[in-house]
Structure formats: C-alpha cells, structure tokens
Protein chains: 2
Amino acid sequence: MEKKVSVTVLIHDGFEETELVAPVDLLKRAGAEVRMISMTGERVLIGAHGISVVADALWEDIACESDTDCVFLPGGGPNSRSLREDPRVTGFVRRKSDEGKTVAAICAAPSVLEKAGLLKGRRATSYPGCLADESACIYTAEPVTADGNVITGRGAGCALEFGLELVKMLFGSGVSGRIAAETMYPHGGDIS
Amino acid sequence: MEKKVSVTVLIHDGFEETELVAPVDLLKRAGAEVRMISMTGERVLIGAHGISVVADALWEDIACESDTDCVFLPGGGPNSRSLREDPRVTGFVRRKSDEGKTVAAICAAPSVLEKAGLLKGRRATSYPGCLADESACIYTAEPVTADGNVITGRGAGCALEFGLELVKMLFGSGVSGRIAAETMYPHGGDIS
C-alpha cells in the first residue's frame, strides 16, 4: 500500500501549463490526492499560453482546512506575480513550511517562496533572473534543487524532472522510479 | 517573421494530460495557431488522471473547415480507444496525410494512425503493446520517431521531446532550439 499523500496546488491566471500539468499528472500517478485550487474566485483558470484548466475548488472552499502534506506552486510570469502579491499564498506556504510540510515551486514561482522568507540560506533554483536577491540563498541554477522540505525547479523544460523529484520526496525513489518507467521517461530512472 | 502554422488537436475524454498540454504549450510558444477540438460534444474534457481542460471548439464547429498544417492526437488509453473507433478521426487523419500535412500521435494514439493505414512500412514508435501489429511498420521503440510527414512518440515521459521534435518539423531546428533554451530544457537543444 502506498502512503496517502495530499498535495495542494495554488493557482492564479497566467500559470505555465506544462509546469502545472506535468507535476500534477505524476503526483496523481503516484497516488497523491491533488487539489488544484483557484485563487481567482473562478473555477476555470487561463494559462500563460491560452490553455484553460478547471480547478478542483476555490480557495474560499478550503481556507479553513489546513491538512496537506505539500504545497505546490506552478510558474508562469503572471501567475507567479499574482501568487507573490497574494498574502493568502505567502502566509499559507510559510505556515506549511513551519509545520515541516513539503513546499514546491518551479520557474518564476520560487520568488513566492523567497518573498515568504523560505529560501534564505537554502539551496534553490528558479528561472533565470526571477529572484529579487539570488545572493540571499545558495543559488544552484540546476534543473531541480531539493533542500530540506523545499524543492525548486528551473522551467517548463524541467517539469518532468521536477515532478519526478517531488514524487521521490513524498513517496520515495521506488515510486518515482516506477513512474519514470511507466511513462517511458527516457533519461534514466534516478533523476537527481 | 516566423511561419504561421495551424495545428488541430483532436481529443476525447481520458486523454493523457501531459501528452496533450506539453506539446500544445511548445507549439504555442513556437507561434502555432493551435485548436484543441473536443470530439465529445462538450467543451470541458476530462483527462485520464482527472485533470479537466477546456477545448477551444467542438468538432461540430470545425467539421467543414479543413485548413490545417498538422493534426495531433494525444494519448491516454480511453482517449486513444475513442479516437480509434471514431471514423471522423480516422478519416480526418487519413485525408490530411494524403494532402501531405503533418500527422502526430503519442503513446497509445499511434494506434489511431495504424488503423487509418498510415503506419504501414513506416518507422514508428508507440507505448509498448499499443499497436495491433507492430510488424506491419518498422517499429523503433524510440522516445520519438519521425518518418516523412508522420511523427510518433512513446509516452508521457517523452512529451517534451515529442513536442520539441514536432516544433522542429513544423518550424525548423532554429525555433525548436530557441524553445528548448527558453524553457530550460536540460537535455540539449538538438533532441533528435
């Protein structure tokens, strides 16, 4: 029996589509209960390249409920800016990190973790030029970087590597290896 | 100025989410006009892992319009089965292939091209065990295989490689290389 793991994804309009969908796909394959949460008040969210995705629930529906093992923030410029300027989001990721839960962000979204104070002195990556102060963290420029409970990714082209590494953090390397194999991931089972 | 290229994506419920979204994302970044077409009569399509995507139009809206440079079929078991058993789809891909247009399918969806008679004697790949008769084509088992106007991919884990190769076929290696770079694709710019 695989461990039941809950993942909360916070999304504004302008999210990067592959960065949202590929990790959520891999997490669901691993058996995670993933909730894609709209922060806009609308169930339909519009991606940065015009692909629309239907959220599972609105923030208003889940605000009182704090039970999650992981918070994941997809990137995309407009989405990341809105997430960063949304105190509901910075507050939630800070609270979850304080509880020791896994916090994940890719592309421009690590800037949200930076604003929430979670990257200070920590190894992290992001899309080039997206952090306000790279020197405040140990900037790796890697496709994916995990440090403690925080995992960051570099861009849409690394979305599968990021998703597999997140699956590995939450479920172990046996599960991430199985999913790499079942999706015909062509770059080797061990992605870190 | 990049060439204006039109791509038609035919989709039933049960599509594999990453296999749909990652190639469409990369095609849109390349400047393609991508139309995601629902074959179900409903605008909201439900993916194999429960992620719902909003189609741009229904088949009924575009049936008379045949102008497209490329047809793309995402995979996913239930979607591929429905596409294969849908004579609107097999007819459309056969007609487009006869016109010399690009025909693309990934994972289980190359079985639709097989049923339409497009793989005979051609180099092709697919998810393992998805073709009715692998010996009728030159089966490569590669992540991505392009042969003439037909391109096939192996699974969700190869969705970015497949999408980049499709961009290369439609726009040239300069554009696919630019998109590999701008998405921080970590496996080298030349993906074939």
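Structure: see above.
Residues numbered from 1 in each chain as written. Chains lettered and ligands numbered in written order. Predicted model: local features only at pLDDT ≥ 70, side-chain atom pairs only at ≥ 80, totals over all residues. Heavy atoms only, no water.

### Some details on the overall build of chain A
A count of helical and extended segments in chain A gives seven helices and 11 strands. The globule rule puts the C-alpha radius of gyration for 192 residues at 16 Å, and the 15 Å found for chain A is close to it. In terms of its C-alpha atoms, chain A occupies a principal-axis envelope of roughly 40 × 35 × 35 Å. Looking at the 192 residues of chain A, the share that counts as buried comes to 59%. Taking all contacts inside chain A whose residues are at least 6 apart in sequence as the whole, residues at least 24 apart take part in 63%. (Helix = DSSP H or I, 4+ residues; strand = E, 2+ residues; numbered from the N terminus. Rg over C-alpha atoms; globule rule 2.2 N^0.38 Å. Buried < 20%, exposed > 50% of the residue type's maximum accessible area, 1.4 Å probe, protein only. Contact = heavy atoms within 4.5 Å.)

### Thoughts on helix α3 (residues 77-84) of chain A
Residue and element names in this part refer to chain A. Along α3, the positions that sit buried rather than exposed are N79, S80 and L83. Buried residues in α3, looked at end-on, bunch into an arc of 95°, giving them a common side. Packed against the buried residues of α3 are β1 (6-11), β6 (70-73), α4 (87-98) and α5 (110-115). (Arc of directions from axis to C-beta.)

### Details of the relation of the copies chain A and chain B
Laying chain A over chain B is done by rotating through 180° and shifting 0.0 Å along the axis; what remains is an RMSD of 0.0 Å. The operation mapping one copy onto its partner corresponds to a two-fold rotation axis. Among all C-alpha atoms of chain A, that of V53(A) lies closest to the rotation axis, at 2.3 Å. Interface overlap between copies is the fraction of interface residues in one copy that are interface residues in the other; for chain A against chain B it reaches 100%, indicating a shared surface. (Least-squares fit on C-alpha atoms with pLDDT ≥ 70 in both.)

### Notes on the environment of P87(A)
Residue and element names in this part refer to chain A. Within the secondary structure, P87 sits in helix α4. Given the relative accessible area of 63%, P87 is considered exposed. Sequence-wise, P87 and A116 are 29 residues apart; in three dimensions their C-alpha atoms are separated by 9.1 Å.

### Let's talk about the packing of aromatic side chains
Residue and element names in this part refer to chain A. Counted by the stated rule, this structure contains four aromatic pairs over all chains. Ring centres of F72 and F162 lie 5.6 Å apart, and the angle between their planes is 40°; this geometry places the pair in the tilted category. Here F162 lies in helix α6 (residues 159-171) and F72 lies in strand β6, a separation of 90 residues in the sequence. Take F162: its relative accessible area is 0%, and that puts it in the buried class. (Phe/Tyr/Trp six-rings, centres within 6.5 Å; stacked < 30°, edge-to-face > 60°.)

### Comments concerning the pattern of salt bridges
Tallied over the full model, the rule gives 18 salt bridges over all chains. Measuring nitrogen to oxygen at the nearest pair gives 3.0 Å for the salt bridge that ties E99(A) to K96(A). You can call E99(A) partly exposed: its relative accessible area is 42%. Taking the shortest distance from any N to any O, the salt bridge between R29(B) and D25(B) comes out at 3.1 Å. Residue R29(B) and its partner D25(B) are both found in helix α1 (residues 17-30); the two are separated by four residues, about one turn of the helix. Per residue, the accessibility class of R29(B) equals that of D25(B), and both read buried. Salt bridges linked by common partners bring E16(A), D25(B), R29(B), R178(B) and E182(B) together as one network. (Salt bridge = Lys/Arg side-chain N within 4 Å of Asp/Glu carboxyl O.)

### Concerning the sheet that holds strand β7 (residues 102-106) of chain B
Residue and element names in this part refer to chain B. Strands sit in the order β5-β2-β1-β6-β7-β11-β10 across an open sheet of seven strands; the sheet is mixed. Strand pairing shows two members of the sheet lacking a second neighbour, β5 (57-58) and β10 (144-147), which therefore form its edges. Pairing geometry for strand β6 (residues 70-73) and β7, over four bridges, is parallel. Bridged to V71 within β7 is V103. Lying on the sheet, α1 is in contact with β1 (6-11), β2 (33-38), β6 and β7; it crosses β2 at an angle near 155°. Sitting on the sheet, helix α6 (residues 159-171) touches β1, β6, β7, β10 and β11 (150-153), and the angle it makes with β7 is about 175°. (Pairing = 2+ DSSP bridges. Axes fitted to C-alpha atoms, helices over the stretch in contact; angles between N-to-C directions.)

### Some words on the interface of chain A and chain B
Between chain A and chain B, the residue contacts involve 33 residues of the former and 33 residues of the latter. If you sort the residues of chain A by the area they bury against chain B, H49(A), I51(A) and M184(A) come out on top, with a joint share of 20%. In this structure, E16(B) and R29(A) form a salt bridge, with 2.8 Å as the shortest nitrogen-oxygen distance. Where chain A touches chain B, the interface holds 18 residue pairs in polar contact (both at pLDDT 80 or more). Going through the elements one at a time, α1 (17-29), β4 (52-54) and α6 of chain A are the ones with two or more residues in the side of chain A that touches chain B. (Buried area = accessible area lost by both parts, 1.4 Å probe. Polar contact = N/O pair within 3.5 Å; in protein donor to acceptor, adjacent residues only side chain to side chain.)

### Observations concerning the sheet that holds strand β4 (residues 52-54) of chain B
A sheet is described by the order of its strands in space; here four strands give the open sequence β3(A)-β4(A)-β4(B)-β3(B), paired in antiparallel fashion. At either margin of the open sheet sits one strand with a lone partner, and together these are β3 (44-46) of chain A together with β3 (44-46) of chain B. Ignoring strand direction, the axes of neighbouring strands in this sheet form an average angle of 30°. Bridge count for β3(B) against β4(B) is three bridges, and the pairing is antiparallel. Paired with V44(B) across the two strands is V54(B), which belongs to β4(B).

Function cannot be read off these values alone, since they describe shape.
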